[in-house]
Amino acid sequence: MRPVRFNIHPKQGEPNKSILMTEAPEGYSGQGFFTTKLSDVVGLARKNSIWPLPFATSCCGIEFMATMGAHYDLARFGAERVGFSPRQCDLLMVMGTIAKKMAPVVKQVYLQMAEPRWVLSVGACASSGGIFDTYSVLQGIDQIIPVDVYVPGCPPRPEAILDGFMKIQELVGKESIRRRNSPQYAALLESYGIQ
Amino acid sequence: MALTNEIIQQQLTEKFGDQVYNFESPFGLLTFQSPKEMNLKVLQFLYENENLQFTFLTDLCAVHYPDNKGQELAVVYLLHNLRENIRVRYKIFTDIQQPDIFTATKLFEAANWMERETYDFFGVNFIGHPNLKRVLNADEMDYFPLRKEYPLEDQTRIDKDDAMFGRGGSIF
Amino acid sequence: MLETKEMQPHHVKLPDGSIEKLTTTLNLGPTHPATHGVFQNILELDGERIVSAEQTVGYIHRAFEKLAERRPLYQITPITDRLNYCSSPLNNMGWHMTCEKLLGVKTPKRVDYLRIIIMELARISDHLICNSIVGVDSGAYTGFLYVMQYRELIYEIYEEVCGSRLTTNIGRIGGFERNFSDTAFQKLEKFLREYPKVLKEFENLFTRNRIFMDRLKNTGGISAERALNYGFTGPNLRAAGVDYDVRVHNPYSSYEDFEFTVPVGSTGDNYDRFLVRNAEMWQSLSLIEQAYRKVQEFKGAEAEVYHADAPAYYLPEKKDVYTKMEQLIWHFKIIMGETEIPKGEVYHSVEGANGELGFYLISDGGRTPYRLHFRRPSFIYYQAYSELTKGSMLSDAIITMSSLNLIAGELDA
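Just so you know, these numbers come straight off a predicted model, no measurement behind them. Here, residues in each chain are numbered from 1, in the same order as that chain's written sequence. Key to labels: chains lettered from A, ligands numbered from 1, both in the order written. With the structure being a predicted model, the display of local features is reserved for residues of pLDDT at least 70 and the display and counting of side-chain atom pairs for 80 or more, all residues being used for whole-chain, interface and lining totals. Only heavy atoms go into the side-chain values, all of them from the structure, while hydrogens and water stay out.

As for the overall build of chain A
Regarding its fold elements, chain A presents six helices and six strands. To sort residues, take the accessible area from a 1.4 Å probe on protein chains only and compare it with the maximum for the residue type: under 20% means buried, over 50% means exposed, and anything in between is partly exposed. Out of the 195 residues in chain A, the part that is buried amounts to 48%. Every residue pair with non-hydrogen atoms within 4.5 Å of one another is taken to be in contact. In chain A, the share of contacts with a sequence separation of at least 24, taken over all contacts with a separation of at least 6, comes to 75%. Carbon and sulfur atoms make up 56% of the accessible area of chain A, which amounts to about 10,600 Å² in all. For helices the rule is a DSSP run of H or I covering at least 4 residues; for strands it is a run of E covering at least 2, with both sets numbered from the N terminus onward. Here the accessible surface of atoms and residues is derived via Shrake-Rupley with a 1.4 Å probe, and residues count as covered only by protein chains that are part of the display.

What about unusual backbone geometry?
Cis geometry is adopted by the peptide bond preceding P116(A), which originates at E115(A) and carries an omega value of -10°. Here P116(A) is to be found in the loop between α3 (103–112) and β5 (118–122). Of note, the amide linkage connecting C154(A) to P155(A) takes the cis form, showing an omega dihedral of -10°. Structurally, P155(A) can be placed in the loop between β6 (149–151) and α5 (158–174). In this structure, N218(C) is a non-glycine residue whose phi angle is positive, near 60°. In this fold, N218(C) is placed in the loop between α7 (210–216) and α8 (224–229). Residue classification places N218(C) among the exposed positions, given a relative accessible area of 69%. Backbone geometry at S253(C) places phi at a positive 50°, although glycine is not the residue there. Assignment of secondary structure puts S253(C) in the loop between α10 (246–249) and α11 (270–297). The buried category is assigned to S253(C), whose relative accessible area is 9%.

Quick look at the interface of chain B and chain C
Contacts between chain B and chain C engage 49 residues on the former and 43 residues on the latter. Buried surface area refers to the total accessible area, computed with a probe of radius 1.4 Å, that the two partners give up upon joining, counted for both partners together. Here chain B packs against chain C, burying approximately 4,100 Å² in sum over the two surfaces, 57% of which is carbon and sulfur. A salt bridge links R376(C) to E117(B), with the nearest nitrogen and oxygen atoms 3.0 Å apart. Of all the elements in the fold, those that place two or more residues in the side of chain B that touches chain C are β3 (56–64), β4 (73–81), β5 (86–94) and α3 (111–122) of chain B. The element best represented in the side of chain B that touches chain C is β3(B), accounting for nine residues. Here, a salt bridge means any Lys or Arg side-chain nitrogen found within 4 Å of an Asp or Glu carboxyl oxygen.

Remarks on the interface of chain A and chain C
Taken together, the contact pairs 29 residues of chain A with 34 residues of chain C. Buried area between chain A and chain C, summed over both chains or domains, comes out near 2,700 Å², and the portion from carbon and sulfur atoms is 69%. One can count two salt bridges joining chain A with chain C. R157(A) is paired through a salt bridge with E159(C); the nearest N and O atoms lie 2.2 Å apart.

Examining the nonpolar core
Residue types Ala, Val, Leu, Ile, Met, Phe, Trp, Tyr and Cys, when buried and joined through side-chain atoms within 4.5 Å, form a set referred to as a nonpolar core. If you look at the biggest cluster of nonpolar residues, it comprises 205 residues, and the most contacted ones within it are L92(A), L12(B), Y77(B), L121(C), F191(C) and F232(C). In contact with L121(C), other than residues within four places in its own chain, are I154(C), I157(C), Y158(C), L188(C), F191(C) and I288(C). The next biggest cluster of nonpolar side chains, apart from the first, holds 20 residues, and it includes C60(A), V149(A), V151(A) and I161(A).

What about the UniProt feature "binding site: [4Fe-4S] cluster" (unreviewed entry) in chain A?
UniProt positions are given in the numbering used here, feature names are shortened, and annotations may be inferred rather than shown by experiment. Cross-referencing UniProt, the feature "binding site: [4Fe-4S] cluster" (unreviewed entry) maps to C59(A), C60(A), C125(A) and C154(A) in the present numbering. In sequence the annotated residues extend across 96 residues, while in space they remain close, none of their C-alpha pairs exceeding 9.9 Å. Note on placement: C59(A) falls in helix α2 (residues 59–68). For C59(A), a relative accessible area of 6% translates into the label buried. Those residues in contact with C59(A) that lie beyond four places of it in its chain are R62(C), R82(C), Y85(C), L166(C) and T167(C). Structurally, C154(A) is set in the loop between β6 and α5. For C154(A), a relative accessible area of 31% translates into the label partly exposed. Non-local contacts of C154(A), meaning those with residues more than four positions away in its chain, are made with A124(A), R82(C) and T167(C).

Observations concerning the confidence of the model for chain B
The quantity known as pLDDT measures the predictor's confidence residue by residue, on a range of 0 to 100. Averaged over chain B, the pLDDT score is 88; the fraction of residues at 70 or greater is 90%. Here the complex is predicted with pTM 0.90, and the ipTM for its interfaces comes to 0.91.

Description of the sheet that holds strand β4 (residues 343–351) of chain C
All names here are of chain C. Here, strands pair whenever DSSP counts at least two bridges between them. Judged by pairing direction, the sheet is antiparallel, and its three strands sit side by side in the order β4-β5-β6 without closing on themselves. The two strands at the open ends of the sheet, each matched to only one other strand, are β4 and β6 (371–375). Ignoring strand direction, the axes of neighbouring strands in this sheet form an average angle of 10°. With nine bridges joining them, β4 and strand β5 (residues 356–364) adopt antiparallel strand pairing. Within β5, the position partnered with K343 by the bridge is D364. Note on geometry: axes are C-alpha line fits, over the in-contact stretch for helices, and angles between N-to-C directions span 0 to 180 degrees.

Section: the side chain of T207(C)
As for its position among the elements, T207(C) is in the loop between α6 (182–206) and α7. Beyond its immediate sequence surroundings of up to four residues, T207(C) is in contact with M213(C), Y271(C), F274(C), L275(C) and N278(C).

Focus on the pattern of salt bridges
This structure, assessed with the given rule, holds 35 salt bridges over all chains. Here R134(B) and D120(B) are joined by a salt bridge, their closest N and O atoms 2.8 Å apart. Here the residue R134(B) occupies a position in the segment after β7 (125–127), and D120(B) occupies one in helix α3, the gap between them amounting to 14 residues. Just as R134(B) is buried, D120(B) falls in that class too. One salt bridge connects D214(C) with R210(C), and the closest N-O pair in it is separated by 3.2 Å. Remark: R210(C) and D214(C) occur in helix α7; sequence separation between them is four residues, near one turn of the helix. Look at R210(C) and you get exposed, because its relative accessible area is 61%. The network of salt bridges with shared partners includes E120(C), R123(C), R238(C), D245(C), R247(C), E280(C) and E351(C).

What about the environment of E340(C)?
Topologically, E340(C) is positioned in the loop between α13 (325–335) and β4. In sequence terms E340(C) and L103(C) are 237 residues apart; their C-alpha atoms lie 8.9 Å from each other.

Some thoughts on the environment of E160(C)
All names here are of chain C. As for its placement among the helices and strands, E160 is situated in helix α5 (residues 141–162). A relative accessible area of 26% means that E160 is categorised as partly exposed. Residues E160 and V276 lie 116 residues apart in sequence; the distance between their C-alpha atoms is 30 Å. Residues contacting E160, with those up to four places away along its chain left out, are S181, T183, A184 and K187. Reaching out from E160, the side chain makes a polar contact with the side chain of S181 at a distance of 3.1 Å. Under the rule applied, a polar contact is a pair of N or O atoms within 3.5 Å (in protein, one hydrogen donor and one hydrogen acceptor; residues adjacent in sequence only if both atoms are side-chain atoms).

Comments concerning the packing of α5(C) against α6(C)
Residue and element names in this part refer to chain C. In the contact formed by α5 and α6, the axes pass within 10 Å of each other and the chain directions differ by 165°. By the angle between their axes, α5 is roughly antiparallel relative to α6. Where α5 crosses over α6, the two elements pack in a sense that is left-handed. As a working rule, the residues Ala, Val, Leu, Ile, Met, Phe, Trp, Tyr, Cys and Pro are called nonpolar, Asp, Glu, Lys and Arg charged, and the rest polar, with Gly in that last group. For the contact of α5 with α6, the residue count by class is 15 nonpolar, two polar and six charged. Any angle between 65 and 115 degrees counts as roughly perpendicular, while under 35 counts as roughly parallel, over 145 as roughly antiparallel, and the rest as oblique. Two helices cross in a left-handed way if the nearer one is turned anticlockwise from the farther one by less than a right angle. They cross in a right-handed way if the turn is clockwise.

Observations concerning the packing of helix α2 (residues 73–81) of chain C against helix α3 (residues 88–103) of chain C
Residue and element names in this part refer to chain C. At a minimum axis separation of 8 Å, α2 and α3 run at an interaxial angle of 150°. With respect to their mutual orientation, α2 and α3 come out roughly antiparallel. Here the hand of the crossing between α2 and α3 comes out right-handed. Residue-level contacts link L73, I76, T77, T80 and D81 of α2 to S88, N91, N92, W95, H96, C99 and L103 of α3.

Dropping the structure here:
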């Protein structure tokens, strides 16, 4: 069962805090030194400089164009460097329908990415097949690769894509640096047939 | 002299006699049929006759009528005379056991992929086509998905088998 | 090219199992950023010249036609959204007009004019993406970022009319879901006020730009005869010099009431395609202005007309559906296709952003279409890509691809 959350307690905006500055992680500071956990520093650096790989196949890709544009501006989150080479990217953003003919290509792109890597599944088609419950469409990319964050919508608004991206940032920031070496992670990849 | 449906029909019957039949004009669009062996002759006549000049192939698709025994598959050509701005729809029917039809690629380059698509969806075998293989579906597919007997849904999915979603059940 | 191995100077000894040939095979796509969507091109290159190209499509084939056989008429509208998603309203309205033709619904003039406003906005947003992407591919990223901001103005109008930005599902069989609000008209006015300057600026950036012209002129050209034989329609055909436009030849939605010209090119190359699209945007602007003026002429009760009087097919108002039993039943019946649908075969086409977008609908009187075939312009003209790029440079082939405006969703259906 996937957890379902409803937006029943909308957060009130705080005008004074509307500009977010990145804060230093928890730690001890004294004269001329500052100690903290290595994973926190690494997480801080990683989450504010994610290189996305846009894997845009259809309609959601057009909304991603709007997200990248000046109006919504993904660059505010440290992700203006959109890379098209999987070798250099951290975040695979799958946007749009993935047909069965395309599925091996998505998997190949995922395999080509270096660890640590995250996957954001944008839109109903990538997440579950969406309205296309047909013989030719893959019913969600989580059948072939592990997904970190799903963004609902058909297509999601740019705000929703940004929200999904911020959720990824949260995950990236809090991730333990040992996670990718853990047996649980190996088992997860194993379940997708990835060594 | 403006070209009208009547003139086209008259010209066709003059040339082919009772080999062209079932003339009708639903919504003003002249529709007729011929035996499937005649398709290239009819298309070429429509293309080359200086009064008709149907030189633009707008559309080509197939329709499956499973109850129409011996003539299950219809291949529909939609031709356009751009000078006179008039269209005709031309149909041929074929047996699904032997869906062999002559290709129109020699007349229209546009027919190339349209015929491949028709092959992909319905398995119509276009004789003489330069590269008759699947165009939209994966090459490994072993059936022709738009034929009526095949299901729409992905058969591997198990978590959405609720009849309320239209799976397992049918709204017909 | 030297024929035998011995004749070649400095012949390099290749590892065992390598294929020896004089051309290079380059696999472009299906995930390459320059392909704008998912197409695969296997190019044979001699140096940088393309010897042959073979296209593979179908990477987002979603079985629209099979899906449409399972859905009542209204439920097909969201599928048409996803054909050419850069200009969804054109597809929606094309489909609604096809249904109206089959069902014999006659729309009032005001509805036609409102539709024209929305359809021409869609055409502008589509051409805007195509032309700015041509800029991106020839190395001018600025234009793209600049006009993307102003595409938001169009999306805001859609949002005001139907509540959605991209896949609009706009309108109903017989008209619109509700009348245009005052805000919608204000936003339209704002668009009409601001957009010409933007377009002018965009043209200034590109049209006479030396680098841009050198990249686009005489690349990817096609003659009018070949274009017709390949089934080209829309701006790509007009760039080759054939003035075929469905809006003029088979007017729908009262296009016959409007004054506009059909821009044509002469050589059918990338530059002509770019110019034709730009000129069409100006024509669309003028059409929107004319339609808006005509809409304003309706006064009193006439100004409240936004749908045809066809209670058997036009969905009842949402407010009534929630409060009145009768209306709820009608809503349900129409959505589920329980109302009477005549038998028949209809072909209706509209001038989509890429060309003639046709709907071939066969109804056997059941709830759902017996067969629905989409005539998808980009599927048909993409066949010509190998001919367009033969002998050209690799970098020109990329621009040819973007100036053809290939939309994967429409192409693969």
